[in-house]
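Structural overview
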Amino acid sequence: MLKNIAISQVLDRIRFENPWWTSGSIDSYFSEMPRRAYYKSFCKLASETSINRAIVLMGPRRVGKTVLLYHFVQNIIDSGFNPKRILFITVENPIYIKISLEELVMNGKIATGSANNPEDRWYIIFDEIQYLKDWDIHLKSLVESYRDIKFIVSGSAAAALQYKSKESGAGRFTDFMLPPITFYEFIEMQGLNHIVQPTQLPWGENQVNFYTAADIKYLNKLFLDYINHGGYPEAIFSETIRNNPQRFIRSDVVDKVLLRDLPSLYGISDVQQLNSLFTTIAYNTANEFSLDTLSKQSAIPKNTIKKYLEYLEAAFLIKTIKRVDHSGKRFLRDNFFKIYLTNPSLRAALFSPIEATDEDMGQMTETAIYAQWLHRLNFTPWYARWNNGEVDMVGISAKNLQALWSLEIKWTNRYVSKPQELKSLIKFCKENSLSKALITTISLQKVIIYDNIELNFIPASSYAYTIGANTMMES
């Protein structure tokens, strides 16, 4: 049982976290921040009260989950909802240690003076829920017990949250993933959408809105900025963070995940081993790996590496991509795979920003483009690899496992004048009866027919923007 002084401190803290009880609005610090492109879809989902389900907002650190929650609070206040019926609690605050979710609900009602008020329609938000042991069991109980309360929780340990959400919250939780910022959002949040224009280009089975820029040099400059620091909302608007990503992003994102989140969630004892593996992967993002080569290079047993890869993917730091052969067929054993950072700016945070002329720009372009596709939760990307050839990305039909399209990701204009050098891409198209293919460039856009294959060349920055824009239109 809490002592009276402790209860009073808890109530004061709750009042501090809910300034709209007296002001009628969220703090200006949050209200002035630009809204993520996911804002409308999240508000629509979280505002739904006819279905008795809690919303589980998940995603990696520093992508704007807490800010999105505050923007949602303002949204429902603006819709006419009583501000004193909106409770926001940051669970990781030490003052709430050993207090159950139900006790926090009761204390919240006491803090606002509504403990015995018959008006029971509430929105209750628990931020960073993963720090509460058995949160899923407690939340499910709350959802079933308080049908007039809409519960919304958030957390940074994406897969751990998702696993518990599915196991304990079946029929009671709805997941919402907030990924790192797309290049499209990076442009939109700075009010620069006017620099690109849509253009129709037939692709796959449909006409797709592709986007091009009148000033491709300017768009490429923004693309480089995005690669170096654009994955996090704060970095876009803070020159201090952009000038020192190693200090702010590494310590706030990478170190906390590797040194605190993953060890506490999975009982990892050798954090230096995990850190070393992740550093190797980050430096070699977009490269092909195998458990054997990683084990030999790091002197870590293969089974341990396999677990570490699962943990790093659970934290939404990396994404492993499986391969197919030249005919689009999966290998019986997944001995080889590619690994990509889910956020290209993690590499700059760990090492240093790159320039457009650097040798690493090719692999970072590939990483950035894969990062755009990873926002499509129902899409599984593949790459093709065989003895003497490779195609960077292919689309495979989920229905019949046939190859639908192919993409070669380049940071060069070379192949526009030398399409005959795209031997692997041509071979893959012919093997899979594909009449067209897409190739990214630095700045050129052109269509060339070579060996009866329609080769569509488009700047990599335009393509990255296109994927993000179409993803948001379809969500």
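Residues numbered from 1 in each chain as written. Predicted model: local features only at pLDDT ≥ 70, side-chain atom pairs only at ≥ 80, totals over all residues. Heavy atoms only, no water.

Some points on the overall build of the chain
When helices and strands are counted, the chain shows 21 helices and 16 strands. Taken over the C-alpha trace, the chain has a radius of gyration of 24 Å; the compact-globule value for 475 residues is 23 Å, and the two agree within 12%. Dimensions of the chain along its principal axes, counting C-alpha atoms only, are 80 × 50 × 45 Å. The buried share among the 475 residues of the chain stands at 54%. With the model as given, the accessible surface of the chain reaches about 21500 Å², and the carbon-plus-sulfur share is 49%. Positive and negative side-chain charges in the chain, numbering 53 and 49 respectively, have mean positions lying 3 Å apart. (Helix = DSSP H or I, 4+ residues; strand = E, 2+ residues; numbered from the N terminus. Rg over C-alpha atoms; globule rule 2.2 N^0.38 Å. Buried < 20%, exposed > 50% of the residue type's maximum accessible area, 1.4 Å probe, protein only. Areas by Shrake-Rupley, 256 points an atom, 1.4 Å probe, with all protein chains shown as cover. Lys, Arg positive; Asp, Glu negative; His and termini not counted. Charge placed at Lys NZ, Arg CZ, Asp CG, Glu CD.)

Focus: the packing of helix H10 (residues 216-229) against helix H21 (residues 460-474)
Between H10 and H21, whose axes approach to 9 Å, the crossing angle comes to 65 degrees. In terms of axis orientation, H10 runs roughly perpendicular to H21. Viewed along their axes, H10 and H21 form a crossing whose handedness is left-handed. Mapping the contact onto sequence places Ile216, Leu219, Asn220 and Phe223 in H10 and Ala460, Ser461, Ser462 and Ala464 in H21. (Axes fitted to C-alpha atoms, helices over the stretch in contact; angles between N-to-C directions. Parallel < 35°, antiparallel > 145°, perpendicular 65-115°, else oblique. Left-handed = near helix turned anticlockwise from the far one by under 90°. Contact = heavy atoms within 4.5 Å.)

With respect to the pairing of strand E1 (residues 54-58)
Judged by how many residues are buried, E1 sits mostly within the fold: 5 of 5 residues are covered. Burial along E1 is two-sided: Ala54, Val56 and Met58 facing one way and Ile55 and Leu57 facing the other are all buried. Sheet analysis places E1 next to strand E4 (residues 149-155), joined by 4 bridges and oriented parallel. Bridge pairing in E4 links Ile55 to Ile152. (Pairing = 2+ DSSP bridges.)

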